[in-house]
Amino acid sequence: MVLLREGMCPGLDEDFVRRLRDAQVKTVEDLVSSDMEDLAQKCSASYKALIAIRRVLLAQHAAFPVSGADLYDELLSSTAILSTGNPDLDALLDSGVYTGEITELAGGPASGKTQVCLGVAAHVSQHLRQNVIYVDTTGGLSAGRLRQMLRTQTSSDDEQMEALQRITVHRAFDIFSLLDCLYRLGGDGGGGGGLRQASSHGGSVKALIVDSVSAVIAPLLGSRHDEGMYMKSQVAITLKAMAKDFNIAALVTNHVTRSVEGEVQPGLGVSWSHVPRTRVLLERLPDADIDRPTRRCATLIKSSRRPCLIRAELDLQWWSRSERDTSGKRKLDRADS
Amino acid sequence: MQRPVTTLRLSPQIKVKVLNAGFQTLDDVMQVSALELSREAGLSQEEALEVLQVARKEGGADGGGAGDGASLTALDLLQKEEALTRIVTFSSRLDAALGGGLPVGKITEICGVPGMGKTQLCLQLAVDVQVPPCFGGLGGQVVFIDTEGSFVVQRAVDLATAAVRHCTLLAEEAEQRDAAAAFTVETILSNIFMVRCHDYVELLAEIYLLPDFLSSHPKVRLVVIDSVAFPFRQHFDELRAQRTRLLNGLAQQLISMATKHDVAVVLSNQMTTRLQGGQSQLVPALGESWGHAPTLRLLLRWAGSQRQATIFKSPDCEEATVNYQITTDGFRDDDRSEQPPSKRPRTLAGQSAAC
Amino acid sequence: MLLCQPPIRTTEEEKEGGGNVNMTESGAQLFARLDGRQSVRDIEPRLFPQNAQPGPGAVVELYGTEGTGKTELLYHFLCRAVLPVHAGGLELEVLFVDTDYSLDVLRLVGILDARLLAAAAESSIWPQRPEAHVRACLSRLLVAHCDSSRQLLVTLHTLEARLVSRPGPALVLLDSASAFYWSDRGEGGASVSKQEENLRKCSQLLAALLRDYRISVFASCHANRRRCGHASSSFSHLCRPWQRLVTHRVLCSRQEVAPARGGPRGHVFSAHCTSSSSGGKAYRNCSFRIGDGGLEFV
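All values reported here derive from a predicted model rather than from experimental measurement.

Draft legend 1. Examining the overall build of chain B more closely. The helix and strand inventory of chain B stands at 14 helices and twelve strands. With the C-alpha coordinates aligned to their principal axes, the bounding extent of chain B is approximately 75 × 60 × 40 Å. Put simply, chain B has 355 residues, and 55% of those count as buried. Within chain B, residue pairs in contact and separated by at least 24 positions form 63% of the contacts whose partners lie at least 6 positions apart. Surface summary for chain B: the accessible area is close to 15000 Å², and the carbon and sulfur share equals 53%. Here chain B holds 33 positive side-chain charges and 41 negative ones, and the gap between their average locations is 5 Å.

See the structure below:
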């Protein structure tokens with residue numbers, strides 16, 4: 001976990017650390033993995049003192065197992081399902097995006113990923129009155145568009161402004177900026193902007209949107225492949241830990257790749273495919289493009305709650321619909337009917 | 001969450017040395033002095049200092065939040081967006097559909113087959129961005145990166161002349177008359193910084209250096225690359241994956257630059273045919289993943305004998321199609337033919353209220 | 001606990017060598033208690049080769065790409081293990097080490113609910129408070145989340161203290177063993193042995209725990225390539241000490257099937273199990289669907 005340092009736990013003074021180092025025990029992992037009797041001899045320390053130090057270090061650094069029953073209780077009291085604001089998408093996602101997990105939107109250019117992200121941000125901040133963190137990696141975030149969407153929910157300028165203030169925007173155009181941003185949010189250090197601090201100040205964050213993950217990872221894959229894979233795994237770990245630890249719904253976007261047979265798959269490869277718990281593929285409708293330019297087809301391609309491969313047709317315009325067309329017809333059909 | 005040192009913005013060589021010395025997390029590094037670090041990890045003093053600087057910045061010792069990652073609220077962003085004047089195209093219908101013109105701080109791509117007027121529109125924008133603020137322009141300068149050798153000075157002169165004439169006719173108040181007097185063809189041409197790039201290496205190098213140029217020329221509001229496709233459609237027959245990676249990196253550099261320096265980035269792109277389901281289809285070149293790069297995509301195409309511009313991708317405008325023509329004066333509305341019946345009303349109704 | 005206890009419970013106890021009413025016990029009794037009381041051998045006879053069910057000391061690796069049912073299989077084992085004996089379970093204590101942050105407790109509760117209901121319907125005794133039964137099952141489960149291989153190693157070290165106190169966990173589920181593969185590659189510097197150090201230490205530690213405390217480990221492992229070939233040709237990319245630990249490998253895959261009369265397109269999952277215990281290699285294939293109530297073998 002970390003290098004052994006003096007003062008990490010009672011009994012571990014400078015001299016002790018040096019003697020341990022001489023015995024090739026530098027880190028916490030080294031110490032807990034060592035045979036205590038051996039080590040006591042090697043660094044001429046008392047066996048009892050070593051055992052005590054080991055016990056404290058284990059308690060400090062191990063993950064503490066929680067009973068399943070407690071976890072369930074905690075989940076029942078804290079899990080929230082955030083409506084996306086779009087009834088068709090909600091139906092597909094089993095009523096919305098869930099806190100504590102990662103939901104992914106995958107799609108080609110102009111398939112509506114950013115529109116869905118903006119729609120969710122506007123809905124969560126205005127309708128659900130929760131704070132949102134929006135990490136923009138492509139410059140696709142348009143506050144003007146958010147305002148348009150908010151206008152359909154409230155006519156009050158003040159409320160629109162308040163809703164906009166509940167959305168915190170981070171812009172990160174390369175992988176290091178994204179990681180800086182995620183670690184800063186998830187960290188508990190003294191730095192500003194951490195989620196732990198934010199939640200202790202009353203206003204809790206319920207949604208974290210990253211649009212898009214692939215934009216900053218894709219430039220690394222290829223020649224700096226291993227570094228790219230590593231960075232990808234770090235983004236995954238931080239997102240998962242944040243979603244769980246702070247009980248946040250993480251919504252991320254991904255681009256798609258096309259296989260030789262023309263089959264569309266979400267990008268970032270197999271190692272990323274385990275990361276989101278729910279994946280939705282957004283596609284433009286092949287026909288009727290001119291007639292209904294804002295309608296998209298959404299397919300559920302990974303879910304632990306609903307059968308995979310069910311489809312819905314959704315209208316991106318829904319989030320900024322005017323009062324007149326609220327009655328607009330909706331459709332939710334199964335893939336093959 | 002413990003942050004591994006490997007996720008810091010440091011060179012791989014330095015990271016390996018730090019790792020091999022047993023430092024794994026940010027906390028590990030923060031505990032030692034530069035002297036100790038340089039001794040234990042075999043780094044030079046400067047390198048050790050750099051590591052500590054990066055670590056301290058991210059470790060939050062000084063409050064963090066500096067640099068790119070600085071956060072703002074959507075309200076701040078809205079105010080920023082509203083403060084940035086858009087670049088008009090001189091086609092009032094296209095401007096209306098775009099919500100007042102091309103956005104500054106974003107990447108716009110103009111796609112079309114040869115002869116559609118991509119370069120014309122690029123030139124038009126290069127002139128328009130210079131329109132003085134009292135006429136609703138930006139009074140900005142331009143970096144024009146020409147990769148195809150298609151920049152023709154005479155055309156720039158034509159368009160500039162038309163723009164100057166337009167402003168002179170509009171001038172009413174004293175301020176506008178003064179501005180119009182200073183807005184001449186010569187000043188317009190002198191405010192366009194021309195760069196000629198012959199291949200993708202030169203282009204990538206230029207983009208790499210551009211942020212410094214923009215810092216020393218804060219009046220630049222527009223960067224044009226005409227075209228981004230040409231250098232990347234040669235030399236890459238066997239190396240599609242490498243091309244995709246280079247392009248992905250380029251896209252992130254461009255949007256970063258556009259955001260930091262408040263410039264509009266305008267790219268032109270060629271069209272290519274894609275076979276899908278036995279049908280061939282004309283799509284923008286450079287592959288599908290490049291399609292994520294532009295924030296806004298304009299498709300220029302023929303509809304019979306009519307030139308049409310379609311907003312194909314945009315975060316804040318609806319998809320819309322307008323007619324245009326290329327005249328001796330430049331890129332203009334086309335009123336010759338009848339209005340297409342179905343699309344026009346929706347386009348305007350949807351946008352005019354919002355923007 | 002208000003568990004209804006059908007007669008089957010007592011027969012089970014007799015079979016296991018009786019309730020330990022004596023204060024003293026012989027070595028043989030101790031062994032029977034350690035070995036017999038909490039046997040995972042019966043955890044899923046339909047999946048593992050006959051004569052090669054994974055007993056105490058077994059390490060089962062579930063290998064496959066995303067969406068091939070690995071986590072669902074783990075839920076299945078988990079449910080079998082924590083359900084009460086009368087509902088077809090083993091009533092074991094389980095430690096779930098969640099390195100992928102993949103454990104969906106709501107999903108788990110859904111499966112437990114379905115199993116308890118099915119068992120109740122069979123025995124025609126309707127439970128008074130199904131919620132309490134689910135909670136009783138969940139109280140046999142411990143969950144630990146780890147965000148790095150360093151933390152995983154330290155956490156496994158604390159496991160020993162739990163195993164010493166009886167009844168400790170008999171079954172450790174790890175989802176997944178490959179979670180930190182790329183992190184470790186990136187943080188290990190240039191040498192492969194350094195990259196694999198933590199997982200190697202974890203494997204060595206597990207080997208000792210398997211030997212001393214007769215626990216079983218079921219772990220998932222993500223394939224790192226899109227298409228993994230069949231059976232023997234596919235190989236795990238994890239370090240050698242881990243691979244030597246594995247006694248049963250289950251290769252998971254998924255096929256899309258044509259919709260059944262108006263229903264949505266669906267998937268059928270296959271598991272190909274290879275066991276390489278002392279008695280030589282044994283194989284078994286099985287297929288299942290995944291429904292609201294968990295695995296349904298076909």
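Draft legend 2. Region of the structure containing the state of the cysteines. All names here are of chain B. For the structure shown, the criterion picks out zero disulfides over all chains. As a non-bridged cysteine, Cys167 has Cys134 as the owner of its nearest cysteine sulfur, 8.0 Å distant. Judged by its relative accessible area of 2%, Cys167 falls in the buried class.

Draft legend 3. Expanded view of the interface of chain B and chain A. Contact with chain B, which involves 64 residues of that partner, is made by 71 residues of chain A. Across the chain B/chain A interface, buried area totals approximately 5700 Å², and carbon plus sulfur atoms make up 53% of it. The largest per-residue losses of area from chain B upon contact with chain A belong to Met1(B), Arg245(B) and His292(B), which jointly make up 13% of the total buried on that side. Counting the contacts that link chain B with chain A gives nine salt bridges. The shortest N-O distance in the salt bridge between Glu319(B) and Arg284(A) comes to 3.0 Å. The interface formed by chain B and chain A holds 19 residue pairs in polar contact (both at pLDDT 80 or more) in total. Of all the secondary structure elements, the ones that give two or more residues to the side of chain B that touches chain A are helix 2 (26-30), strand 1 (71-73), helix 5 (74-83), helix 13 (240-261), strand 7 (271-276), strand 10 (306-313) and helix 14 (343-352) of chain B. Of the residues contributing to the side of chain B that touches chain A, the split by class is 17 nonpolar, 25 polar and 22 charged. Both strand 6 (residues 167-171) of chain A and strand 1 of chain B contribute to a ladder of three bridges, which runs antiparallel. Note that in strand 1 of chain B the partner of His170(A) across the bridge is Ser71(B).

Draft legend 4. View of the interface of chain C and chain A. Contact with chain C, which involves 55 residues of that partner, is made by 48 residues of chain A. Buried surface at the junction of chain C and chain A, summed over both partners, amounts to about 4600 Å²; 60% is from carbon and sulfur atoms. One can count six salt bridges joining chain C with chain A. The shortest N-O distance in the salt bridge between Arg185(C) and Asp226(A) comes to 2.6 Å. Taken together, the links from chain C to chain A amount to 18 residue pairs in polar contact (both at pLDDT 80 or more). Elements represented by at least two residues in the side of chain C that touches chain A include exactly helix 4 (105-123), helix 5 (130-138), strand 3 (141-145), helix 6 (149-164), helix 7 (181-187) and helix 9 (197-213) of chain C. The element contributing the most residues to the side of chain C that touches chain A is helix 6 of chain C, with eight residues.

Draft legend 5. Spatial organisation of the pairing of strand 3 (residues 141-146) of chain B. All names here are of chain B. With six of six residues buried, strand 3 lies mostly within the body of the structure. Neither face of strand 3 is open: one carries Gln141, Val143 and Ile145, the other Val142, Phe144 and Asp146, and all of them are buried. As paired strands, strand 3 and strand 4 (residues 192-196) are joined by five bridges and run parallel to one another. Bridge assignment links Phe144 to a residue of strand 4, and that residue is Met194.

Draft legend 6. Region of interest: a negative patch on the surface. On the surface, a cluster of negative charge is contributed by Glu172(B), Glu173(B), Glu175(B) and Asp178(B). By the element assignment, Glu173(B) lies in the loop between helix 8 (153-170) and helix 9 (174-182).

Draft legend 7. Fine view of the packing of helix 11 (residues 200-216) of chain B against helix 13 of chain B. Residues and elements named next belong to chain B. Put simply, helix 11 and helix 13 touch, their axes get as near as 11 Å, and they point 15 degrees apart. Relative to helix 13, helix 11 is oriented roughly parallel. Helix-helix and strand crossings are classified by hand; for helix 11 and helix 13 the assignment is left-handed. Contact residues: Tyr200, Leu204, Ile207, Tyr208, Leu210, Pro211, Leu214 and Ser215 in helix 11; Leu246, Leu250, Gln253, Leu254, Met257 and His261 in helix 13. Of the residues belonging to the contact of helix 11 with helix 13, the class tally is eleven nonpolar, three polar and no charged.

Draft legend 8. Examining the domain arrangement of chain B more closely. Taken domain by domain, chain B consists of domain 1 (5-67) and domain 2 (77-350). Each of domain 1 of chain B and domain 2 of chain B has a C-alpha centre, and the two are 43 Å apart.

Draft legend 9. Expanded view of the packing of aromatic side chains. Applying the stated rule across the entire model yields ten aromatic pairs over all chains. Both rings, one in Phe144(B) and one in Phe151(B), keep their centres 5.0 Å apart while their planes meet at 65 degrees; by these two values the pair is edge-to-face. The residues Phe144(B) and Phe151(B) share a single accessibility class, namely buried. Ring geometry for Phe48(C) versus Phe77(C): centroids 6.0 Å apart, planes at 25 degrees, classification stacked. Here Phe77(C) lies in helix 3 (residues 70-82) and Phe48(C) lies in the loop between helix 2 (27-37) and strand 1 (59-64), a separation of 29 residues in the sequence. You'll find Phe48(C) and Phe77(C) in the same group, each marked buried. Put simply, the rings of Phe48(C), Phe77(C) and Phe218(C) touch in pairs and so form one group of aromatic residues. The ring of Phe16(A) is capped by Arg19(A), whose NZ or CZ atom sits 5.2 Å from the centre of that ring. Positioned above the aromatic ring of Tyr63(C) is the side chain of Arg249(C), whose terminal nitrogen or guanidinium carbon lies 5.1 Å from the ring centre.

What counts, and where the lines are drawn
- Note on numbering: residues in each chain are counted from 1, in written sequence order.
- As they are written, the chains are lettered A onward and the ligands numbered 1 onward, keeping that order.
- Totals for whole chains, interfaces and linings use all residues, but because this is a predicted model, local features are given only for residues with pLDDT of at least 70 and pairs of side-chain atoms are given and counted only at 80 or more.
- Heavy atoms from the whole structure form the basis of all side-chain values; hydrogens and water molecules are not counted.
- Only runs of H or I of at least four residues qualify as helices and only runs of E of at least two qualify as strands under DSSP, and these elements are numbered from the N terminus.
- Think of it in three bands: with a 1.4 Å probe and only protein chains considered, a residue is buried below 20% of the maximum accessible area for its type, exposed above 50%, and partly exposed in between.
- Should any heavy atoms of two residues lie within 4.5 Å, those residues are counted as being in contact.
- For the accessible areas, the method is Shrake-Rupley and the probe is 1.4 Å, while residue cover comes only from the protein chains on display.
- Charge assignment: positive for Lys and Arg, negative for Asp and Glu; neither His nor the chain ends contribute.
- Just so you know, the charge point we use is NZ for Lys, CZ for Arg, CG for Asp and CD for Glu.
- Two cysteine sulfur atoms form a disulfide, by the criterion used here, when they sit within 2.5 Å.
- The quantity reported as buried area is the accessible area (1.4 Å probe) lost by two parts once they are put together, taken as the sum for both.
- A pairing counts as a salt bridge when a side-chain nitrogen of Lys or Arg comes within 4 Å of a carboxyl oxygen of Asp or Glu.
- Think of a polar contact as two N or O atoms within 3.5 Å of one another; within protein, one of them needs to be a possible hydrogen donor and the other a possible acceptor, and neighboring residues in sequence only count if both atoms come from side chains.
- Under the convention adopted here, Pro, Cys and the residues Ala, Val, Leu, Ile, Met, Phe, Trp and Tyr are nonpolar, Asp, Glu, Lys and Arg are charged, and Gly plus all remaining residues are polar.
- Paired strands, in this sense, are two strands between which DSSP finds at least two bridges.
- To count toward a patch, a residue needs a relative accessible area above 30% and no salt bridge. Like charges then connect within 9 Å, nonpolar side chains (Val, Leu, Ile, Met, Phe, Trp, Tyr) within 5 Å.
- In this description, a line fitted to the C-alpha atoms serves as the axis of each element, helices being fitted only across the stretch in contact, and the angle between N-to-C directions of two axes falls anywhere from 0 to 180 degrees.
- An angle below 35 degrees is read as roughly parallel, one above 145 as roughly antiparallel, one from 65 to 115 as roughly perpendicular, and any other as oblique.
- In a left-handed crossing the near helix is turned counterclockwise from the far helix by less than a right angle, and in a right-handed crossing that turn is clockwise.
- Domain delimitation follows an automatic or database domain assignment.
- Each Phe, Tyr or Trp ring, with Trp reduced to its six-membered ring, pairs with another whose centre is within 6.5 Å; inter-plane angles below 30 degrees give stacked pairs, above 60 give edge-to-face pairs, and intermediate values give tilted ones.
- Two thresholds decide whether a charge sits over a ring: the Lys NZ or Arg CZ must be within 6 Å of the ring centre and within 35 degrees of the ring normal.

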